[in-house]
Amino acid sequence: MTPEAPRAPRAPYADPAAGAAVKATDRAHVFHSWSAQGLIDPLAVACAEGAYFWDYDGNRYLDFTSGLVFTNIGYQHPAVVAAIQEQAGRLTTFAPAFAIEARSEAARMIAERTPGDLDKIFFTNGGAEAVENAVRMARVHTGRTKVLSAYRSYHGATSTAINLTGDPRRWASDTGSAGVVRFWAPFLYRSPFYASTEAEECARALRHLEDTLAFEGPSTVAAVVLETIPGTAGIMPPPPGYLAGVREICDRYGIVFVLDEVMAGFGRTGRWFAADHDEVVPDLMTFAKGVNSGYVPLGGVAVNAEIAATFETRPYPGGLTYSGHPLACAAAVATLRVMEEERTVEAAAHLGEHVLGPGLRELAERHPSVGEVRGLGAFWALELVRDRETREPLVPYNATGEANAPMAAFGAACRKNGLWPFINMNRTHVVPACNITEEEAKEGLAALDAALFTADEHTVDAALFTADEHTVDAA
């Protein structure tokens, strides 16, 4: 059951002058990622707790983004904060070549939860570095170069990870020479295979992957890298049997199967890992984000026995100064203990089945702008469209400026109602903390309901739906 924790307290103070100073210093000196620096207006955040954060004017926002889908246990959990403080008092940092208690314990606890024989943990500072090293392991292990990845994907912003990525953030950094071959993974709502059922989509997607391999030469391919459930690209759970089919294809050709669980892992989908839903065991699994709720940067690669054996007497050609940083590992140990004690994974499953899933499907019945609802656990997406019949997106692919105005208006309506949304292209993702209470989740759904009338105004049925005629109390 979802825990009914006390509501987060109001901001301890409001200090607009302090907020203005923070904002001015940010604009003078901070270079923000994925942004045109002169076109952004970052909110100055004063504090955060649980599922909420506050600005310096005292405004409270329910965070339906979990930061960037990483605060799986919410902000400022006292047990994790205390563990970081305790570790800082004992041993703040130490080089990765030594055996350190926090590092060893974090690796043991992660290995206990990963599927199959993924029992060796290589620590990184985040998800992109995890993907980078997983690909390196696969290439060295197989002696092959090529790597296959899906078009609808995001794997990180380091050199190899960004080339593996399918979404437009890749374009500016795509060298076209990184040995990456892309293919279409299944997505029934916008099927590239003209499928009408999940079974058709699964069979045709697997045939497409086999055809791609045949023309690339299976003996040249080191790895197939997939997000178990694509995150930023749209939260698209694969049809039953697809991951098992990819596993079989990889086994047949001696290809390393890498599952990217950076976003979907550690309770987000109502299981420890999204792969657990399909009972599929990859050869390598990447993780980050929810492993310690993002309190201190940490990621890693879980490695199976066969690949680990490759490096038993042969040095692994990679490493990081801060691999397994003691503060990050202490935060991971505390986070995993909290998730066990508070049954966070079970709470996420309950949230998806009984609150978010039914609530979002009810919104779809009310709003013509909602083309599809999909997800599980605390991992959902609403596909917003101009026309449900044609499935035309509410805004064009990779829209900016005026072309993106309908989604910008929707986002502004969410924030006006005290909800901080996760918006990407024509979608809004519903990805709150996994331990959000039912009351908090329903508060967010009410705010979404109110904001969706703004999106409805840009549909072919706009004349029937206006915000003035359909007011919703989001308080």
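Before any of the text, the structure's been laid out above.
A quick note: this is a predicted structure, and the numbers were derived from the prediction, not measured.

Calculation rules
Residues numbered from 1 in each chain as written. Predicted model: local features only at pLDDT ≥ 70, side-chain atom pairs only at ≥ 80, totals over all residues. Heavy atoms only, no water. Salt bridge = Lys/Arg side-chain N within 4 Å of Asp/Glu carboxyl O. Helix = DSSP H or I, 4+ residues; strand = E, 2+ residues; numbered from the N terminus. Buried < 20%, exposed > 50% of the residue type's maximum accessible area, 1.4 Å probe, protein only. Pairing = 2+ DSSP bridges. Axes fitted to C-alpha atoms, helices over the stretch in contact; angles between N-to-C directions. Contact = heavy atoms within 4.5 Å. Core = buried A, V, L, I, M, F, W, Y, C linked by side-chain atoms within 4.5 Å. Phe/Tyr/Trp six-rings, centres within 6.5 Å; stacked < 30°, edge-to-face > 60°. Lys NZ or Arg CZ within 6 Å of the ring centre and 35° of its normal.

What follows covers the pattern of salt bridges. Taken as a whole, this structure holds 23 salt bridges when the rule is applied. Note that R337 is salt-bridged to E105, the shortest N-O span being 4.0 Å. On the criterion of sequence distance, the pair formed by R337 in helix α11 (residues 326-341) and E105 in helix α4 (residues 101-113) is long-range, its members being 232 residues apart. A residue is classified by how much of its surface remains accessible, and E105, at 22% relative accessible area, is partly exposed. Between D251 and R247 there is a salt bridge, with its nearest N and O atoms 2.8 Å apart. Of this pair, D251 and R247 both sit in helix α8 (residues 242-253), 4 residues apart, which is roughly one turn of that helix. Residue R247 is classed as buried on the basis of its relative accessible area of 13%.

Another aspect to go through is the sheet that holds strand β5 (residues 146-150). Strand order in the open sheet formed by 7 strands is β4-β10-β9-β8-β7-β5-β6, with mixed pairing between adjacent strands. Strands at the two margins of the open sheet, each flanked by one partner only, are β4 (120-124) and β6 (180-183). Strand-to-strand, the axes of this sheet are offset by a mean angle of 20 degrees, without reference to chain direction. Judged from the 4 bridges that link them, strand β9 (residues 284-287) and strand β10 (residues 299-303) form a sheet pairing that is antiparallel. Looking at the pairing, M285 lines up with A302 of β10. Packing against the sheet, α4 makes contact with β4 and β9, and its axis sits at approximately 120 degrees to β4. On top of the sheet, helix α7 (residues 198-216) reaches β5, β6 and β7 (221-227); it is set at about 150 degrees to β6, its chief contact.

Another aspect to go through is the nonpolar core. Judged by nonpolar contacts, the single largest core of 58 residues is most densely connected at F123, L226, Y242 and V246. Element by element, the count of residues in this core is highest for α11, at 11 residues. By size, the runner-up hydrophobic cluster in this structure holds 36 residues, among which are L351, V355, F410 and V430.

For the coordinates displayed, the defined rule picks out 11 aromatic pairs. Measuring from ring centre to ring centre gives 6.3 Å for W34 and Y154, while their planes differ by 75 degrees; the resulting arrangement is edge-to-face. One end of the pair, W34, is in the loop between α1 (16-29) and β1 (45-49); the other, Y154, is in the loop between β5 and α6 (159-164), with 120 residues separating them in the sequence. Note on F122 and Y316: the rings are 5.5 Å apart at their centroids and 75 degrees apart in plane angle, and the pair reads as edge-to-face. On the criterion of sequence distance, the pair formed by F122 in strand β4 and Y316 in the loop between α10 (305-310) and α11 is long-range, its members being 194 residues apart. A cation over an aromatic ring shows up here: R113 above the ring of W272, its NZ or CZ 4.9 Å from the ring centre. Above the ring of W420, the side-chain terminus of R415 is found at 5.5 Å from the ring centroid.

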